Amino acid sequence: DTAVSQTPKYLVTQMGNDKSIKCEQNLGHDTMYWYKQDSKKFLKIMFSYNNKELIINETVPNRFSPKSPDKAHLNLHINSLELGDSAVYFCASSQWLAGDLGTDTQYFGPGTRLTVL
Amino acid sequence: QKEVEQNSGPLSVPEGAIASLNCTYSDRGSQSFFWYRQYSGKSPELIMFIYSNGDKEDGRFTAQLNKASQYVSLLIRDSQPSDSATYLCAVNHSGGGADGLTFGKGTHLIIQP
């Protein structure tokens with residue numbers, strides 16, 4: 001069974017379109033994340049959710065809107081796509097136990113390669 | 001600005017030798033440290049985590065942490081061609097909760113047969 005899954009794997013679209021990426025985890029984790037990996041392979045946190053609540057919102061344009069219908073799902077909707085949005089987007093999850101360092105290990109999904117033309 | 005620095009490489013190591021990967025971080029209060037391996041076109045895969053000063057061994061991999069020097073390293077013994085990948089150092093600054101990881105830009109490791 002896939003622990004963290006994302007759909008679609010590839011997404012090619014035109015500038016100005018709106019698109020969504022879905023993420024699901026079956027690990028029973030409380031926390032989910034979105035990361036962006038740019039063309040130089042630099043991986044950067046975008047958002048984190050804990051039990052459906054937004055915890056981290058890094059300096060990401062408000063065209064990006066995460067939504068967590070339940071703690072097993074975290075979707076990413078992007079409005080008015082721009083060329084610079086082309087990247088690989090990774091979903092991740094973790095189950096942090098207070099006082100237990102190491103349980104903050106994050107497990108990554110397979111990624112969604114977004115290409116904006 | 002919390003930063004994680006790695007030499008981007010490529011680091012070329014002969015098969016069977018020890019590969020040594022290094023990472024420094026700027027936030028002295030950082031709590032936990034991770035090494036991920038990423039093959040081209042794939043997602044990051046956890047190799048090891050460490051949060052106490054000293055060495056932690058797992059098979060052919062040894063992670064080393066020195067909080068005073070703000071330095072983390074990964075040693076790969078008996079390097080194999082399948083170890084060729086990009087190795088990402090990641091830091092959790094607060095040690096838990098829903099914090100994201102701060103990643104370095106990765107070191108590209110090439111194991112020469």
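Scroll up to find the structure this text is about.
Now for a quick tour of the structure.

Procedures and definitions
- Residues numbered from 1 in each chain as written.
- Chains lettered and ligands numbered in written order.
- Predicted model: local features only at pLDDT ≥ 70, side-chain atom pairs only at ≥ 80, totals over all residues.
- Heavy atoms only, no water.
- Helix = DSSP H or I, 4+ residues; strand = E, 2+ residues; numbered from the N terminus.
- Buried < 20%, exposed > 50% of the residue type's maximum accessible area, 1.4 Å probe, protein only.
- Contact = heavy atoms within 4.5 Å.
- Pairing = 2+ DSSP bridges.
- Axes fitted to C-alpha atoms, helices over the stretch in contact; angles between N-to-C directions.
- Buried area = accessible area lost by both parts, 1.4 Å probe.
- Salt bridge = Lys/Arg side-chain N within 4 Å of Asp/Glu carboxyl O.
- Polar contact = N/O pair within 3.5 Å; in protein donor to acceptor, adjacent residues only side chain to side chain.
- Patch = residues over 30% accessible without salt bridge, like charges linked within 9 Å, V, L, I, M, F, W, Y side chains within 5 Å.
- Areas by Shrake-Rupley, 256 points an atom, 1.4 Å probe, with all protein chains shown as cover.
- Lys, Arg positive; Asp, Glu negative; His and termini not counted.
- Charge placed at Lys NZ, Arg CZ, Asp CG, Glu CD.
- 1 Å grid on protein atoms, 1.4 Å probe; cavity = no way out; pocket = protein on both sides within 12 Å on 5 of 7 lines; lining within 4 Å.
- Points joined across faces, edges and corners; volume = space filled by probe spheres on them.
- Nonpolar A, V, L, I, M, F, W, Y, C, P; charged D, E, K, R; others polar.
- Disulfide = S-S within 2.5 Å.

**What to know about the overall build of chain A**
The number of helices and strands found in chain A is zero helices and eleven strands. Along chain A, helices and strands appear, N-terminal first, in the series β-β-β-β-β-β-β-β-β-β-β. Along the first, second and third principal axes, the C-alpha atoms of chain A reach 45 × 30 × 30 Å. Among the 117 residues that make up chain A, the fraction classed as buried is 44%. The contacts in chain A between residues at least 6 apart in sequence include a share of 55% that link residues at least 24 apart.

**Quick notes on the sheet that holds strand β3 (residues 19–25) of chain A**
The strands making up a sheet are joined through hydrogen bonds of the backbone, oriented either antiparallel or parallel. Residue and element names in this part refer to chain A. Read across the open sheet, the four strands follow the order β1-β3-β8-β7; overall the sheet is antiparallel. This sheet does not close on itself; its edge strands, each paired only once, are β1 (4–7) and β7 (64–70). On average, each strand axis in the sheet is inclined to that of its neighbour by 20 degrees, with strand direction left out of account. Examined bridge by bridge, β1 and β3 share four bridges and lie antiparallel to one another. Directly across from Thr7, in β3, lies its bridge partner Lys22.

**Let's talk about the interface of chain B and chain A**
In this complex, chain B contributes 23 residues to the contact, which on the side of chain A involves 21 residues. For the pairing of chain B and chain A, the buried interface totals around 1900 Å² over both sides, and the portion due to carbon and sulfur atoms is 59%. In this structure, the connection of chain B to chain A is made through zero salt bridges. If you look at where chain B meets chain A, you find four residue pairs in polar contact (both at pLDDT 80 or more). Secondary structure elements with two or more residues in the side of chain B that touches chain A: β4 (32–38), β5 (45–50) and β9 (85–92) of chain B. A total of four residues in the side of chain B that touches chain A trace back to one element, the largest contributor, which is β4(B).

**Brief notes about a positive patch on the surface**
On the surface, Lys9(A), Lys41(A), Arg113(A) and Lys42(B) cluster together into a positively charged patch. As for its position among the elements, Lys42(B) is in the loop between β4 and β5.

**A short note on the layout of surface pockets**
Taken as a whole, the second largest pocket encloses approximately 500 Å³ of empty space. Within the residue set of the lining of the second largest pocket, elements represented by two or more residues are β9 (87–94) and β11 (112–116) of chain A together with β9 and β11 (107–112) of chain B. Here the lining of the second largest pocket is composed, by residue class, of eight nonpolar, 13 polar and seven charged.

**A short note on the sheet that holds strand β1 (residues 4–5) of chain B**
All names here are of chain B. Within the open sheet, the five strands sit side by side as β1-β3-β8-β7-β6. Their pairing is antiparallel. Across the chains shown, the open sheet's two edge strands, defined by having one partner strand only, are β1 and β6 (54–58). Here five bridges tie β6 to strand β7 (residues 61–66), and the two strands are oriented antiparallel to one another. Its bridge partner lying in β7, Glu57 is registered against Thr62.

**Some points on the state of the cysteines**
Residues and elements named next belong to chain A. Under the definition given, this model contains two disulfides over all chains. A sulfur-sulfur separation of 1.9 Å characterises the disulfide bridge that pairs Cys23 with Cys91. With the S-S dihedral at roughly -75 degrees, the linkage between Cys23 and Cys91 falls on the left-handed side. Taken as a pair, Cys23 in strand β3 and Cys91 in strand β9 lie far apart in primary sequence, 68 residues in all. The buried category is assigned to Cys23, whose relative accessible area is 2%.

Such coordinate-based values are descriptive only and should not be taken to indicate function.
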